[in-house]
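A look at the structure
As a plain string of letters, each chain reads:
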Protein chains: 2
Amino acid sequence: MGFIEELGAALPDGAVVTDLEVLEGYRHDRTTWLTPGHPVAAAFPTSTSEVVAAVKVAAAHRVPIVPRGAGSSLCGGSQAVDGALTLSLERMNRVLEIDRANQAVILEPGVMNADISLATAAHGLFYPPDPASKTFCSIGGNIATNAGGLCCVKYGVTRDYVQRLEVVLADGTVIETGHDTIKGVAGLDMTGLFVGSEGTLGIVTRIRLRLRPAPTGAATMVAFFPTLGAAGEAVSAITASGATLSLMEIMDRATVGVVDDYTGMGLDRNAAALLLVQSDSPAPLRNVEVERAATLCDAAGASYTAFTDDPEESEALLQARRLAGPALEQLGEAIWDDVGVPRSRVPELIGRIEQAAERRGADVYTFGHAGDGNMHPTLLSPRGDDDARQRALLAFDDIVEAALELGGTITGEHGVGQIKAAFLEREVGAANLALQRSIKRTLDPGGLFNPGRWL
Amino acid sequence: MGFIEELGAALPDGAVVTDLEVLEGYRHDRTTWLTPGHPVAAAFPTSTSEVVAAVKVAAAHRVPIVPRGAGSSLCGGSQAVDGALTLSLERMNRVLEIDRANQAVILEPGVMNADISLATAAHGLFYPPDPASKTFCSIGGNIATNAGGLCCVKYGVTRDYVQRLEVVLADGTVIETGHDTIKGVAGLDMTGLFVGSEGTLGIVTRIRLRLRPAPTGAATMVAFFPTLGAAGEAVSAITASGATLSLMEIMDRATVGVVDDYTGMGLDRNAAALLLVQSDSPAPLRNVEVERAATLCDAAGASYTAFTDDPEESEALLQARRLAGPALEQLGEAIWDDVGVPRSRVPELIGRIEQAAERRGADVYTFGHAGDGNMHPTLLSPRGDDDARQRALLAFDDIVEAALELGGTITGEHGVGQIKAAFLEREVGAANLALQRSIKRTLDPGGLFNPGRWL
């Protein structure tokens, strides 16, 4: 039997698709400026045993597999590969169990990030990591990239919440990693090995996540600064103050301008930077923390500060940050970067980003997570303007180089995928990368999973 | 040249010891009831390059290496092995750099846990994970076991603070893992693979740790309960309340009695359980949180509750927990267990522990971290009484079985070492363990590091 025929026989009716029009919808991810390959088929398993069946058939026919969550990757991590099977987890989207007493949830990989907190809200619990894409990214994809988000400055990243995984390996073996307990040190940390492995080591089919008691409210502050240096000073002073802030976001002048055009909020377009700070500590501490942050901003030279603990006003302030993406996408093709530096070097990084854009004649908008040094410089070019896109891509590479030179990382939360594979060795070193490749060969000797990415 | 001769030539004078009297001090760890092997020598490198030299000579002569921190292992993880080289990291004990702006410290593996916070206190920073052994356990050993401690219920475990490692591999290659940034997802999580690997994959020679702003004070509560069930209810209610407590410890009746004998504190020896709760949130929130915990204890049926925010009184209350170890060690040979269950099952676990002790005719004292379900049932036998020790060991095994049956883990923070190797497959499953072994073979094909433990 041929591959497609055997795969079809191994899975239920409708689980294997070869129709080109349908496949087209599974070729791309959000890395719109890359051209994806053409898959031989897409499979839509609904259970672990169906994933195992698909993996075994693909392995037998030496057809590589591209695991796919919701296709929201910004690094080309879920783009289709020529001749490969795209294995979509979108039909494995059930919340299986909420363990209220132990503040945990068991679910399948296709559940959308934002739906987890919706499902657990009735129990007073929430799932903290909150990528900006939370309404259209799946928890399986979050695990693949060890995704972060806005509230990570207080709550940590995906890895900090994954207690247990069920994983299908390249030979069809199913393993369970981790434990139902908060702490546990029995054996090597296999959970940590799969989280962030970007689909290169196995396919996650079931997940137990730790949850936290939902906060009771939030206080929010906005500040504008005449210089990037002043904003950086404020971030350092707020961090050193020991406040447990749940959000600390920065936007540069260019981003403020675009968001103001888009929203008409009346932001100060002359400011060099806008800083947003939120605390979800219990009242009245959250007000104390945010007012103190405002005082520290004033001391650092802010031109304007304002704070509120009204939920609607808080949400309105956050919109300035949340709408940066949509505002940019309206104007052209956005190439999203994702670099990190030690927190103290954020102002320096933003300066280097501006220099790179100027040198390359590119249009850059920088915003991101000031509290943890993870920035998203976004390069914009008019749709269809190949020359502008080329300049943007040169600036993109310069920015990644700058992050490395400042002691930082090529990716804080989006992943390596296709677009940063060439930089990986410079960050981790040749010996470390060789070790990673030997682990990849041990787990996936045939190179079945997510071929042609970085491992 | 023979092994010892070549090793001596590769290292500075005094770095290789074969004197039997000196070696005797490096045979044992704190697992006093196991008989250690006889090492061929002990080496005391003072730099990464000396560790590399020792590893290369040992590999060439096929002499296995037992890496050793401060020898405080409670699971036989650092006991000497017949014919092996004990490689002590005790002379690599320098704090190299404090990065105040980014709240991090770079140090060598031989630094004692408690000395980290002492070194960083002047900068207003502290290192949270606090094993009870913090004054005599090294950070290298903490990393080997992914050690926990009392404040982990709020602050997490060792893994959550390790940003970067320098590791010497079995072929003498030196790699760096991790990143200086708070977030970073470039490549596989090699840092997580080494943390908790108990010296089986490589030798950690330099570490970058994240720090946190030191708390400004603490409020503390003590409660006594007539039944274990009532104490369990209180723990559940306090956890569900969402308070960010920095400590939640439980002691059973037997432990309370021993501590009261030892200290004369006048504890309620008739109570079934004592619960200690602390909050180090900013004032006045810490008082609010601890008073609310007291109210929840009262509602759950506590016979007595008291709280304080006076530092000396707080410290006196904590002594009841801190002195459990010394009080027990005074009375005989202590076999420390370390099991974990989902938090909601702690009362059930304590019941099962009591049954095991009764069935085996053993003497058991249970205390531990109620906030995260990690318990330390400690079996006591008169020194030199082999029969009593045998009964204690049978109860020990029953307790590990009980933890597994309750959906828990065989080790929450002490490690697998020698004493729990036989249980590991039952917890992680055959396929997962086979995968771990294949990773061990990939990194250490000659079986050089920490032979005869669990990998």
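Just so we're clear, the structure is a prediction, and the values are computed from it rather than from any experiment.

Quick notes on the domain arrangement of chain A
Frequently, the measure chosen for interface size is the accessible area that the parts lose on association. Residues and elements named next belong to chain A. Domain boundaries assigned for chain A yield domain 1 (3-88), domain 2 (95-213), domain 3 (219-323) and domain 4 (332-420). Distance between the C-alpha centres of domain 1 and domain 2: 22 Å. At the junction of the two partners, domain 1 supplies 14 residues and domain 2 supplies 16 residues. Carbon and sulfur atoms make up 70% of the surface buried where domain 1 meets domain 2, a total of about 1100 Å² over both sides. The interface formed by domain 1 and domain 2 holds zero salt bridges in total. Secondary-structure elements contributing two or more residues to the side of domain 1 that touches domain 2 are α3 (48-60) and β3 (65-68). Per-element tally for the side of domain 1 that touches domain 2: the top contributor is α3, with six residues.

Some thoughts on the pairing of strand β6 (residues 104-107) of chain A
Residue and element names in this part refer to chain A. Neither face of β6 is exposed, since A104 and I106 on one face and V105 and L107 on the opposite face are all buried. Relative to β6, strand β5 (residues 95-99) runs antiparallel, the two being bridged by four bridges. The partner of I98 across the bridge, within β6, is V105. Taken together, β5 and the strand that follows it, β6, pair antiparallel across an intervening segment of four residues, in which Q103 is found at a positive phi of about 50°. In the sheet, β6 pairs with strand β10 (residues 203-210) via four bridges, with the strands oriented antiparallel. Following the sheet pairing, A104 is matched in β10 by R210.

Brief notes about the relation of the copies chain A and chain B
Each of the two chain copies goes to the other by way of a rotation about an axis and a shift along it. With an RMSD of 0.0 Å, the fit of chain A onto chain B corresponds to turning through 180° and sliding 0.0 Å along the axis. Considering both components of the superposition, the chain copies are consistent with a two-fold axis. A share of 100% of the interface residues of chain A reappears at the interface of chain B, consistent with the copies meeting face to face through the same patch.

Digging into the packing of aromatic side chains
Residue and element names in this part refer to chain A. The final tally for this structure, using the stated rule, is ten aromatic pairs over all chains. Between F126 and Y155 the ring centres are 5.4 Å apart and the planes differ by 85°, which places this aromatic pair in the edge-to-face class. Highlighted residues: F126 in strand β7 (residues 125-126) and Y155 in helix α6 (residues 152-155), separated in sequence by 29 residues. Pair check on accessibility: F126 and Y155 agree, each one buried. Consider the rings of F224 and Y304, whose centres lie 6.1 Å apart with planes at 45°: the pair is tilted. Of this pair, F224 sits in strand β12 (residues 219-225) while Y304 sits in strand β15 (residues 304-308), placing them 80 residues apart in sequence.

The rules behind each value
- Residues numbered from 1 in each chain as written.
- Chains lettered and ligands numbered in written order.
- Predicted model: local features only at pLDDT ≥ 70, side-chain atom pairs only at ≥ 80, totals over all residues.
- Heavy atoms only, no water.
- Domains from an automatic or database assignment.
- Contact = heavy atoms within 4.5 Å.
- Buried area = accessible area lost by both parts, 1.4 Å probe.
- Salt bridge = Lys/Arg side-chain N within 4 Å of Asp/Glu carboxyl O.
- Helix = DSSP H or I, 4+ residues; strand = E, 2+ residues; numbered from the N terminus.
- Buried < 20%, exposed > 50% of the residue type's maximum accessible area, 1.4 Å probe, protein only.
- Pairing = 2+ DSSP bridges.
- Least-squares fit on C-alpha atoms with pLDDT ≥ 70 in both.
- Phe/Tyr/Trp six-rings, centres within 6.5 Å; stacked < 30°, edge-to-face > 60°.

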